[in-house]
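Next come the chains, spelled out residue by residue.
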Amino acid sequence: MSRDVAVLTNPTAGKGHAGRLGDLAESRLREAGFAVRPLFGRDADESQDLARAAVEDGVETLVVVGGDGMVHLAVQALAHTDTALGIVPAGTGNDAARYFGVPRKDPSAAVDVVIAGRRRTVDLARTGAQRFLCVLSAGFDAIVNERANGMRWPKGQMKYNLATVAELRTFTPIDYTLELDGETKRVSAMMVAVGNGPSFGGGMRICEGADLTDGMLDVVFFHPMSKPDLVRTFPKLFNGTHRSHPCYEHHRVREVTVAAPGITAYADGERLGPLPLTITADPAALHVLVGEGVTL
């Protein structure tokens, strides 16, 4: 019997590149003997409905062709089911693909990961009815996202660069109340991040050391620092060396509530909603297909 795979494509991801990658993925999977169901939603809601229907129908693997936003959408349908997540990266960040050893610049090799079928089981994080795979952020970066999402020009990464410069001029530390496994902590901080995995935003390893299989959440925040220090520290997020900064603080918990006035949280690059939010570890919630040598 052929293996049953659904391919969910975001045709707008990667400036339309995902549509071509979706065709490639479907073709290679059929050549490998898979029964392929192409899924194209006109918007996020329809895409999620299609994903849920395929999972409920017992499809073996749901392959996402897109970025972390499409992975986030798929995770809502996949959590605590027998259907595995496969990824063909076509976004800008692609942190989920990084986690699982999926080639980010070679779509044929990414499809080969699906064909090989190496399954692993990983944790998710849950807040309300939403789950996320990577990192929830609430602070300076989320404020930048809010500004950028309201800008019609320019497009792409430059929009976020301009939003960062605009917000940096007036940004002041935020007063947070955190409940860390029942212990209350009030802090003034530049941002708070809650990681199921280590990175977000295209490889920024804000929660360096986070383990996708330990049943825990990694809560990270930066105490107030000068704006020049913030600018100097930012590049260190890409290699994890920011952990040595004296303003850095890290906790590992099973549940955290994050509260702060006027702050909107993002997870997997997607807007979740305003604080307060309670985030809970959701152990062994997702099956994924991983690249060769991944030891999750």
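See the structure shown above.
Residues numbered from 1 in each chain as written. Predicted model: local features only at pLDDT ≥ 70, side-chain atom pairs only at ≥ 80, totals over all residues. Heavy atoms only, no water.

Interhelical geometry of helix H2 (residues 44-56) versus helix H3 (residues 68-78) gives an angle of 40° and a closest axis separation of 9 Å. Looking at the two axes, H2 sits oblique to H3. Like other packed secondary-structure pairs, H2 and H3 cross with a definite hand, here right-handed. Where H2 approaches H3, its residues Ala 44, Ser 47, Gln 48, Ala 51, Arg 52 and Val 55 are matched on the opposing element by Leu 73, Gln 76, Ala 77 and Leu 78. (Axes fitted to C-alpha atoms, helices over the stretch in contact; angles between N-to-C directions. Helix = DSSP H or I, 4+ residues; strand = E, 2+ residues; numbered from the N terminus. Parallel < 35°, antiparallel > 145°, perpendicular 65-115°, else oblique. Left-handed = near helix turned anticlockwise from the far one by under 90°. Contact = heavy atoms within 4.5 Å.)

This part covers the pairing of strand E14 (residues 264-267). Burial of the side chains of E14 extends over both faces: Thr 264 and Tyr 266 are buried on one face and Ala 265 and Ala 267 on the other. Relative to E14, strand E7 (residues 135-139) runs antiparallel, the two being bridged by two bridges. Considered in E14, the bridge of Leu 136 is made with Ala 267. Relative to strand E15 (residues 270-274), E14 runs antiparallel, the two sharing four bridges. (Buried < 20%, exposed > 50% of the residue type's maximum accessible area, 1.4 Å probe, protein only. Pairing = 2+ DSSP bridges.)

Quick look at the packing of aromatic side chains now. To describe a pair of aromatic rings, one takes the distance between the centres and the angle between the planes. Under the defined criterion, the tally for this structure stands at two aromatic pairs. On the basis of an interplanar angle of 90° and a centroid distance of 6.1 Å, the ring pair of Tyr 99 and Phe 100 is categorised as edge-to-face. The residues Tyr 99 and Phe 100 share a single accessibility class, namely buried. (Phe/Tyr/Trp six-rings, centres within 6.5 Å; stacked < 30°, edge-to-face > 60°.)

On to unusual backbone geometry. With an omega of 10°, the peptide bond between Leu 275 and Pro 276 qualifies as cis. As for its position among the elements, Pro 276 is in the loop between E15 and strand E16 (277-289). The backbone phi angle of His 80 is positive, close to 60°, even though this residue is not glycine. Along the chain, the position of His 80 falls in the loop between H3 and strand E4 (84-89). For His 80, a relative accessible area of 48% gives the class partly exposed. At Ala 284, a position not held by glycine, the phi torsion is positive, near 50°. Within the secondary structure, Ala 284 is located in strand E16. Here Ala 284 falls in the partly exposed class, since its relative accessible area comes to 49%.

As used here, a disulfide is simply a covalent bond connecting the sulfur atoms of two cysteines. Inspection of every chain in the model, using the stated rule, returns zero disulfides. Sulfur of Cys 247: no disulfide; nearest cysteine sulfur belongs to Cys 207 and is 17 Å away. (Disulfide = S-S within 2.5 Å.)

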